[in-house]
Amino acid sequence: MLRVRPSVRKIATALLASLAMLPSVAIEQELELDYRMNEQIVQVPAGLDKRAMLETTVFRPNGPGPFPLLVINHGKDPGRPSAQPRDRFYHMATAFVKRGYAVMVPMRQGFANSTGRYRDRGCDMTANGHLQADDIRSTLDYAGSQSWIDAGHVIVAGQSYGGLATMALGTRDLPGVRGLINFAGGLRDDSNRCAWRSALVSAFAEYGANSKVPSLWMYGENDSLFGPDLANRLHEAFSQAGGRARLVEFASFKRDAHGMLASRDGEKIWLEDMVRFLKSVGMPTEVLHSVPPPPTPPRTDYAQLDDLEAVPFLSENGRRAYADYLTKMTPRAFAVSPSGAWTWAEEGEAPEARALITCSAKSREPCKLYSIDDYIVWNGNRIDAAEKASMTASIAAPADANAPGAVGSTGARQPAPAATAAPTAD
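How each quantity is defined
Residues numbered from 1 in each chain as written. Predicted model: local features only at pLDDT ≥ 70, side-chain atom pairs only at ≥ 80, totals over all residues. Heavy atoms only, no water. Phe/Tyr/Trp six-rings, centres within 6.5 Å; stacked < 30°, edge-to-face > 60°. Helix = DSSP H or I, 4+ residues; strand = E, 2+ residues; numbered from the N terminus. Buried < 20%, exposed > 50% of the residue type's maximum accessible area, 1.4 Å probe, protein only. Lys NZ or Arg CZ within 6 Å of the ring centre and 35° of its normal. Contact = heavy atoms within 4.5 Å. Core = buried A, V, L, I, M, F, W, Y, C linked by side-chain atoms within 4.5 Å. Disulfide = S-S within 2.5 Å. Pairing = 2+ DSSP bridges. Axes fitted to C-alpha atoms, helices over the stretch in contact; angles between N-to-C directions.

Asks: When you look at the packing of aromatic side chains in this model, what are you seeing that I'm missing?
Replies: To describe a pair of aromatic rings, you give the distance between the ring centres and the angle between the ring planes. One pass over the full model with this rule turns up 18 aromatic pairs. With a centroid separation of 5.0 Å and an interplanar angle of 85 degrees, the aromatic rings of Tyr 322 and Phe 334 are classed as edge-to-face. Here the residue Tyr 322 occupies a position in helix H8 (residues 316–325), and Phe 334 occupies one in strand S11 (residues 332–336), the gap between them amounting to twelve residues. Summarising the burial analysis for this pair, Tyr 322 and Phe 334 share the class buried. Through a chain of ring-to-ring contacts, the aromatic side chains of Tyr 302, Phe 313, Tyr 322, Tyr 325, Phe 334, Trp 342, Trp 344, Tyr 370 and Trp 378 assemble into a single cluster. If you follow Arg 332 out to its NZ or CZ, it ends over the ring of Tyr 325, 4.9 Å from the centre. Above the ring of Trp 378, the side-chain terminus of Lys 368 is found at 4.8 Å from the ring centroid.

Asks: Please explain the environment of Val 103 as it appears in this structure.
Replies: Examined against the element boundaries, Val 103 turns out to sit in strand S5 (residues 102–106). For the pair Val 103 and Ile 72, spaced 31 residues apart in sequence, the C-alpha to C-alpha distance is 7.5 Å. If we skip the residues at most four places from it in the chain, Val 103 touches Thr 57, Val 58, Phe 59, Leu 69, Leu 70, Ile 72, Ala 93, Phe 96 and Val 97.

Asks: Would you mind going over the nonpolar core with me for this structure?
Replies: Soluble, globular proteins show a tendency: their nonpolar side chains are buried together. Leu 200, Phe 204, Trp 217 and Tyr 219 are the most contacted members of the largest nonpolar core, which totals 55 residues. Among the elements that take part in this core, helix H5 (residues 196–209) stands out by supplying seven residues, more than any other. Not counting residues within four places of it along the chain, the set of residues in contact with Trp 217 comprises Met 167, Asn 182, Phe 204, Leu 234, His 235, Phe 238, Ala 245, Arg 246, Leu 247 and Val 248. By size, the runner-up hydrophobic cluster in this structure holds 33 residues, among which are Ile 72, Phe 89, Val 103 and Val 281.

Asks: Can you help me understand the state of the cysteines in this one?
Replies: Throughout this description, disulfide means a covalent bond between two cysteine sulfur atoms. Under the counting rule described, the total for this entry stands at two disulfides. Across the disulfide, Cys 123 is cross-linked to Cys 194 (sulfur-sulfur distance 2.0 Å). Classification of the bridge connecting Cys 123 and Cys 194 rests on its S-S torsion, roughly 80 degrees, and on that basis the disulfide is right-handed. Pair noted here: Cys 123 is in the loop between S5 and helix H3 (125–144) and Cys 194 is in the loop between strand S8 (188–189) and H5, with a separation of 71 residues, a long-range link. Residue classification places Cys 123 among the partly exposed positions, given a relative accessible area of 28%. Put simply, Cys 359 and Cys 367 are joined by a disulfide, and their sulfur atoms are 2.2 Å apart. Between Cys 359 and Cys 367 the disulfide shows an S-S torsion of about -75 degrees. By sign, it is left-handed. Looking at Cys 367, the relative accessible area reads 11%, which means it is buried.

Asks: Would you explain unusual backbone geometry in this entry?
Replies: Following Gly 65, the chain continues into Pro 66 via a peptide bond in cis, with omega recorded as 5 degrees. By the secondary structure assignment, Pro 66 is in the loop between strand S3 (52–59) and strand S4 (67–73). Here the bond from Thr 330 into Pro 331 is cis, since omega is 5 degrees, no more than 30 degrees from zero. On the secondary structure map, Pro 331 appears in the loop between H8 and S11.

Asks: Quick question: what am I supposed to make of the sheet that holds strand S13 (residues 368–372) here?
Replies: Backbone-to-backbone hydrogen bonds pair the strands of a sheet. The strands run either parallel or antiparallel. In space, the four strands of this open sheet follow the order S12-S11-S13-S14, with antiparallel pairing throughout. Since the sheet does not close on itself, it has two edges, and those belong to strand S12 (342–346) and strand S14 (375–376), each with one partner. Bridge count between S13 and S14: two bridges; the pairing is antiparallel. Bridging across to S14, Ile 372 finds its partner in Tyr 375. Of the strands in this sheet, S11, S12, S13 and S14 touch H8, which is tilted by about 15 degrees from S12. Strands in contact with helix H9 (residues 351–361) are S11, S12 and S13; relative to S12, the strand with the most contacts, it is inclined by about 150 degrees.

Here it is as structure tokens:
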């Protein structure tokens, strides 16, 4: 992931406070645990004398197991690692739980609610990968001690910085680990005098020379961080040094292929190659379980999707935001409140839940979903012109910047776009 150079980090932190009024800033909200996949959060010991605890999301099928295991490793957002939300990789986890796997997503030391200290070695990408791989190894050690894990059938995957760490992990003796999957692996550092591209090539060459596990790599044509030229340099360095890796270069994916793994539509890109790779390393691929989709409100005949005047409770600024929402990619959701608050969320996990949570945080009254994807779910009564004019007047321009009224935006974080909103004066 993109690492903001130290000279910019303090400036970026200061700007975030002032930019909270603008539509490009994400407000992260914690999603409820998903009972359909037995989601839970466990603490995995790591670090010196195992004194650090890694906040680790677990998904698993029903039953006692033992289950084959997939470990998925996250990237790094700009800014403080401790401010980064818990990653779940929900869509990939779902595909594997359906196939009988348990899935673990550890947040490494210093990230999210994990304890310990985030460690890096500046522009030394080889060392950075190894440092992060230490926590992945701790997760594997923990998993191997659990009766519900089949420690002889393990796959380790990583996205962005997690992909770099996964490939570093592959240089170690890993009993039971059958294969590695690298989704757009790397780490970008735009600080002065950091030739990060060359440093990444050197890192992957070192990992390839010492690699002990076969791997599958996936990089997209419009990846904003690690484009095709760099992806090919990394793969060539790794393979020429002796590493076993198959590179899959897929076509442009939405706005940025770097976020493909976090998208509901990403499975169409990675599933076929993933299944082929799993079979080649002796891992199960047959679908064994049904995971029902999350419940969503039914569509209604309240109004046409593009009828801006039909959306209740919105001022002129809110209607402009709804028009902007209609240009966004699915999955998406738009929520409104009688107090005048509104929020929209796009892409990533559960945009409808994120829109409701963020809207409610900015509203004096409960929020409800108005639209999901390309249809209306609002089931309230239509509001006549006089009533709408009265409501619009009652929610006009609050003097308090923290008063209700929310501007939504993509606010995409890598690899998983987040629910977004910020207060504004209408």
